[in-house]
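# Survey of secondary and tertiary structure
Residue strings, one per chain:
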Amino acid sequence: MDYVLPLAELIEQFRKLPGIGAKSAQRLAFQVLSWDKAEIEKFAQCVLSASNQIHYCPDCFNFSTGGGLCATCSSPKRDKQIICLVATARDLAALERTHEFKGLYHVLHGLISPMDGVGPDQLKIKPLINRLKEHTEIQEIILALSPSTEGEATTLYLTRLLKPLGVKITRLAFGLSVGADIEQTDELTLAKALEGRREC
Ligand SMILES: [Zn+2]
């Protein structure tokens, strides 16, 4: 059956979310409509203000607020000589949960994937090179990328690109199966992978 237009449009918005099919989108739309007006307004406001207030940190490209560097990049407690390279902000959060890593991060915002039309230019690789040139104190880059086909392709590309710049390149020592996801790996395994990292 067809829904009235505003409801059909709301369902369409939920369908844009990853992993949400037609049935789930309908369920979510009905759920939201069952809330009272104040709850609905808060929900809509949160979406808007998150999108208005959050930006990328100009150094590491993690989410930040307030226009400047993120809390990690501006913290005097972090070791500015080591950069941990991650594919997504979710992977960064997973590594932060280990409380083992005291350096800084750089978020690539994806992995090289020719099948999906993602090449090096779509990732934050150029800003990484600029960051290395600007911050000569950086001595090591840890490639903390998932051991998937895309992760391996990206690791290979970056190793070739970064090695001539004279910086030490290491990668996580994965004791996990190929294809495992960093964000879904438990803290202890991640901490061990960090500790046992080896040079590329
Ligand atoms: Zn930052």
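From a predicted model like this one, the values you see are computed outputs, not experimental measurements. (Residues numbered from 1 in each chain as written. Predicted model: local features only at pLDDT ≥ 70, side-chain atom pairs only at ≥ 80, totals over all residues.)

### Notes on the overall build of the chain
Note the threshold: Elements are defined by DSSP. Helices are runs of H or I of four residues or more, strands are runs of E of two residues or more, and each kind is numbered from the N terminus. Residue burial is a threshold on neighbouring C-beta atoms within 10 Å of the residue's own C-beta, all placed from the backbone, with 20 or more meaning buried, 12 or fewer meaning exposed, and counts in between meaning partly exposed.
A tally of regular secondary structure across the chain gives seven helices and seven strands. In the chain, the succession of α and β elements from N to C terminus is α-α-α-β-β-β-α-β-α-β-α-β-α-β. Projected onto the principal axes, the alpha-carbon positions of the chain cover approximately 60 × 35 × 35 Å. The buried share among the 200 residues of the chain stands at 24%.

### Let's talk about unusual backbone geometry
Within the chain, Phe-61 stands out as a residue other than glycine whose phi angle is a positive 65°. For Phe-61, the location among the structural elements is in the loop between strand S1 (54–56) and strand S2 (63–65). What makes Phe-61 buried here is the crowd of 23 C-beta atoms within 10 Å.

### So, the sheet that holds strand S3 (residues 79–86)
The following threshold applies: Two strands qualify as a pair provided DSSP detects at least 2 bridges between them. Two residues form a contact once the distance between their C-beta atoms, set from the backbone, is within 7 Å. Axis lines are fitted through C-alpha atoms, for helices just across the contact stretch, and the angle between N-to-C directions can take any value from 0 to 180 degrees.
The strand order S4-S3-S5-S6-S7 describes an open sheet built from five strands, whose pairing is mixed. Sheet topology places strand S4 (103–107) and strand S7 (198–199) at the edges, where each strand pairs with a single neighbour. Judged from the five bridges that link them, S3 and S4 form a sheet pairing that is parallel. In the sheet register, Val-86 faces S4, and the bridge partner there is Val-107. Along the sheet, helix H4 (residues 89–96) contacts S3 and S4; its crossing angle with S3, the most-contacted strand, is approximately 125°.

### Describing the domain arrangement of the chain
One widely used convention gives an interface's size as the accessible area the parts lose upon coming together. To keep it simple, the criterion reads: Residue ranges assigned to the domains are those given by an automatic or database domain assignment.
Taken domain by domain, the chain comprises domain 1 (5–55) and domain 2 (70–199). The gap between the C-alpha centroids of domain 1 and domain 2 is 33 Å.

### Comments concerning the pairing of S3
Applicable threshold: Look down the strands so they point away from you; if the path from the first strand over the helix to the second goes clockwise, the crossover is right-handed.
Taken together, S3, H4 and S4 form a β-α-β motif whose crossover is right-handed. Bridging between S3 and strand S5 (residues 140–143) involves four bridges; their strand directions are parallel. In the strand pairing of S5, Ile-83 is matched with Ile-141.

### A short note on the packing of helix H1 (residues 5–15) against helix H2 (residues 22–34)
Inclusion rule: By the definition adopted for this analysis, an angle is roughly parallel if under 35 degrees, roughly antiparallel if over 145, roughly perpendicular if from 65 to 115, and oblique otherwise. Should the near helix be turned counterclockwise from the far one by less than a right angle, the crossing is left-handed, whereas a clockwise turn marks it as right-handed.
Packing of H1 against H2 leaves a shortest axis separation of 8 Å and a crossing angle of 120°. With respect to each other, H1 and H2 are oriented oblique. H1 and H2 meet at a crossing whose hand is right-handed. When H1 is examined against H2, the residues Leu-7, Leu-10, Ile-11, Phe-14 and Arg-15 are found in contact with a partner set consisting of Ala-22, Ala-25, Gln-26, Leu-28 and Ala-29.

### Some words on the pairing of strand S6 (residues 168–171)
Sheet topology places S5 next to S6; four bridges connect them, and they run parallel. In the sheet register, Ile-141 faces S6, and the bridge partner there is Ile-169. Where S6 meets S7, two bridges bridge the pair, whose relative direction is antiparallel. Directly across from Arg-171, in S7, lies its bridge partner Arg-198.

### Regarding the nonpolar core
Worth spelling out the cut-off: Joined through C-beta atoms within 7 Å, a set of buried Ala, Val, Leu, Ile, Met, Phe, Trp, Tyr and Cys residues constitutes a nonpolar core.
With 35 residues, the main nonpolar core has Cys-84, Leu-85, Val-86, Leu-95, Tyr-105 and Ala-144 as its most contacted residues. For this core, the elements supplying multiple residues, two or more each, are S3, H4, S4, S5, helix H6 (149–162) and helix H7 (187–195). At four residues, the largest contribution of residues to this core is made by S3. Every residue in contact with Val-86, bar those within four places of it in the chain, is listed here: Asp-91, Leu-92, Leu-95, Tyr-105, Val-107, Leu-108 and Ala-144.

### Describing the environment of Val-47
If you trace the backbone, Val-47 turns up in helix H3 (residues 37–53). A count of 11 C-beta atoms within 10 Å places Val-47 in the exposed class. Along the backbone, Val-47 and Phe-101 are 54 residues apart, and their C-alpha atoms lie at a distance of 31 Å.

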